Amino acid sequence: MKKILFILCSIFVFTTANSQSIKAGEKLVFAGSYNMSGLMTQLAQVTMTTENVNTAKNNYLHLSCELSTYSKWDSFFKIRDIYESYVNPANLKPSLYKRSIDEGGYTKKEKYAFKGNTVNSTVKKRNRPETKKTFTIGSSTQDVVSLLYKVRTMDLSKFKVGQTQNLMIVFDEKQIPVTLKYMGKETISCGNLGKKECYKLSIGAKTDALKGKDKNLIWLTADSKKVPALLKFSIPVGTGQLALTSASGI
């Protein structure tokens, strides 16, 4: 799951944005498929939601991304992953990032607290002691979930085919550089939204999570919402895709 989420999140920062189009009550559902013996087989569901969370001192936008294998596949390899970010609604800057994974019996929990350019992390892996770490990030670096929503107010229409952009994300207690390339527009099926013209982007990074040149791709609806409609990924253990099935509250 972490490789899939890394690919999904990596495409979402081309330039400075505001979060006016990101609101509570959004829900995006994707069907996750994996190439098994030459056939693309649906194995899991990915759900992304947004909601307002108010505390005594601050108001946050809670961004959540959950992945669960369909029950018929649980006996083969059960996955229950949750990625969460609590951000400032005005600029999407994260205050807290949480990750809880359960994949085939392997469990891991992470919590990142953001304070300026410093991140304090707490990590607990199955059967291992809890560890804590403090590390420094750049001023524009964010957690992987909050990046998923940055694209909503960005004007990709100004990018030329082949144009690239470098950015930085934080994942697994370190910063990871990512290179994006704009590939043009294509019309594809977007679940309950019907067929739509979409921006096509390629993702590259200096990491073992990705494999092949222009093999990791994502399509975003070419409108003000920039809804992720389709993701195709190529990783060392195979290929697969996430396809939008339904979008509501956008």
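Scroll up to find the structure this text is about.
Computed from a prediction, not measured in an experiment: that's the story for all the values here.

Analysis parameters
Residues numbered from 1 in each chain as written. Predicted model: local features only at pLDDT ≥ 70, side-chain atom pairs only at ≥ 80, totals over all residues. Heavy atoms only, no water. Pairing = 2+ DSSP bridges. Helix = DSSP H or I, 4+ residues; strand = E, 2+ residues; numbered from the N terminus. Polar contact = N/O pair within 3.5 Å; in protein donor to acceptor, adjacent residues only side chain to side chain. Salt bridge = Lys/Arg side-chain N within 4 Å of Asp/Glu carboxyl O. Buried < 20%, exposed > 50% of the residue type's maximum accessible area, 1.4 Å probe, protein only. Lys, Arg positive; Asp, Glu negative; His and termini not counted. Contact = heavy atoms within 4.5 Å. Phe/Tyr/Trp six-rings, centres within 6.5 Å; stacked < 30°, edge-to-face > 60°.

In this structure, strand β10 (residues 164–171) lies alongside strand β11 (residues 174–189), joined through 8 bridges in antiparallel fashion. What sits directly across from Gln-165, in β11, is Leu-180. Here β10 hands over to β11 after 2 residues, with Asp-172 in that stretch at a positive phi of 55°.

Before going further, it helps to spend a moment on the side chain of Asp-81. By the secondary structure assignment, Asp-81 is in strand β4 (residues 80–87). One polar contact links the side chain of Asp-81 to the main-chain amide nitrogen of Asp-102, over a distance of 3.2 Å.

A few words on the pattern of salt bridges. On inspection of all chains with the given rule, the structure shows 7 salt bridges. A salt bridge links Asp-172 to Arg-99; its shortest N-O distance comes to 2.8 Å. Here the residue Asp-172 occupies a position in the loop between β10 and β11, and Arg-99 occupies one in strand β5 (residues 94–103), the gap between them amounting to 73 residues. The burial state of Asp-172 is the same as that of Arg-99; both residues are buried. With a shortest N-O distance of 3.2 Å, Glu-186 and Lys-200 are connected by a salt bridge. Of the two residues, Glu-186 is situated in strand β11 and Lys-200 in strand β12 (residues 195–205); the sequence distance between them amounts to 14 residues. For Glu-186, a relative accessible area of 33% translates into the label partly exposed. Look at Lys-200 and you get buried, because its relative accessible area is 14%.

Here we take up the side chain of Glu-173. Its location among the elements puts Glu-173 in the loop between β10 and β11. Put simply, Glu-173 is tucked away with no salt bridge, and the nearest opposite charge, on Lys-133, sits 5.4 Å away. If sequence neighbours within four positions are ignored, Glu-173 has contacts with Glu-110, Tyr-112, Ser-121, Val-123, Lys-133 and Phe-135.

Glancing now at the packing of aromatic side chains. Under the definition given, this model contains 4 aromatic pairs. An angle of 70° between the planes, with centres 6.2 Å apart, marks the rings of Trp-73 and Phe-76 as edge-to-face. On the accessibility criterion, Phe-76 (60% relative accessible area) is exposed. Each ring, one from Tyr-182 and one from Tyr-199, has its centre 6.1 Å from the other, and the planes form 55°; the classification is tilted. Of this pair, Tyr-182 sits in strand β11 while Tyr-199 is found in strand β12, placing the two residues 17 residues apart along the sequence. Residue Tyr-182 is classed as buried on the basis of its relative accessible area of 5%. Classification of Tyr-199 as buried rests on a relative accessible area of 5%. Taken together, the aromatic side chains of Tyr-97, Tyr-112 and Phe-135 make up a single cluster linked through ring pairs.

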